[in-house]
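Summary of the model geometry
Here is what each chain is made of, one letter per residue.
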Amino acid sequence: MARAMMRTILLGIVATTMLFELALGVDHTVGVPAGGWDTSTNLQSWASSETFTVGDNLVFRYTSSHDVVEVPKDDYDSCSMSNPISTNTASPTTFELTEAGSRYFICGTPGHCDQGMKVEIKTVATTSGPPTSTTPPSSGSPAPPVSTTSPPSSDTQTPPGKPVSGDEPPKPSSATIVKMSVVSMVVIGFLMMI
Ligand SMILES: [Cu+2]
């Protein structure tokens, strides 16, 4: 009896985390897990194996010999960079997929696009209502650490342990939620065995 109840509770947890995943969107890291944003990965077959939904993020991770240029379809077809929509050189570069339709990305390093380093991303609309994501597109580079070299002035010192007001609590990232899902699955699998 207790085991059945535990299973029900755990299934509820898994269902809830899956709903959160839908609401927050999924990060798709280009080429992963078999490859990456490079000349040796079959990026077309990677893209066709993924489902991109409005609200998801497209993440490019690459070395300094590559970059990411978003281009119109004509330039994508001809590996031209005459009308770039954006040029990005700081890995990781994240694009938020805000609307349904196709977007086109190529590598700007000479020769790489012709070697197949290009990908078309076809985003489909969500099936469960309007997109909920309102986060602005990431700049692609992490914020530099805040400098702490200046000594605190004695007349504005706050007592230790006092909470800083105005700071929002950190939101769980979708990666965290994916991890939570995986953990839930493992727990369920374990319960099935005992
Ligand atoms: Cu490249």
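Just above sits the structure.
Presented here is an overview of the structure given in this document.

Cut-offs and rules
Residues numbered from 1 in each chain as written. Predicted model: local features only at pLDDT ≥ 70, side-chain atom pairs only at ≥ 80, totals over all residues. Heavy atoms only, no water. Pairing = 2+ DSSP bridges. Helix = DSSP H or I, 4+ residues; strand = E, 2+ residues; numbered from the N terminus. Core = buried A, V, L, I, M, F, W, Y, C linked by side-chain atoms within 4.5 Å. Buried < 20%, exposed > 50% of the residue type's maximum accessible area, 1.4 Å probe, protein only. Donors = N, O, S within 2.8 Å, 3.2 Å for Na, K, Ca; no water. Tetrahedral: all angles 85-135°; square planar, octahedral: opposite > 155°, others 65-115°.

Here we come to the sheet that holds strand β5 (residues 86-88). The strand order β2-β8-β7-β4-β5 describes an open sheet built from five strands, whose pairing is mixed. Pairing within the sheet leaves two strands with one partner each, and these edge strands are β2 (52-53) and β5. The pairing of β2 with strand β8 (residues 118-124) spans two bridges and is classified as parallel. From the neighbouring strand, Thr53 faces β8, where its bridge partner is Val124.

Let's shift gears to the nonpolar core. One finds Trp37, Leu58, Phe60, Phe105, Val119 and Ile121 to be the most contacted residues of the largest nonpolar core, which totals 17 residues. At the level of secondary structure, the elements contributing two or more residues to this core comprise α2 (43-49), β3 (57-60) and β8. When residues of this core are assigned to their parent elements, the largest contribution, three residues, is made by α2. By size, the runner-up hydrophobic cluster in this structure holds six residues, among which are Val69, Val71, Ile106 and Cys113.

Before going further, it helps to examine the coordination of the copper ion. The copper ion binds to the protein through His66 (ND1), Cys107 (SG), His112 (ND1) and Met117 (SD), with metal-donor distances spanning 2.0 to 2.6 Å. Geometry at the copper ion is tetrahedral, judged from the four donor atoms that bind it and their angles of 92 to 131° at the metal. For the copper ion, all donor residues lie on one chain, and their spacing in sequence is H-x40-C-x4-H-x4-M. Placement of Cys107 in the loop between β7 (101-106) and β8 and of Met117 in the loop between β7 and β8 is noted, with a sequence separation of ten residues between them. Residue classification places Cys107 among the buried positions, given a relative accessible area of 3%. The exposure class of Met117 is buried, given its relative accessible area of 0%.

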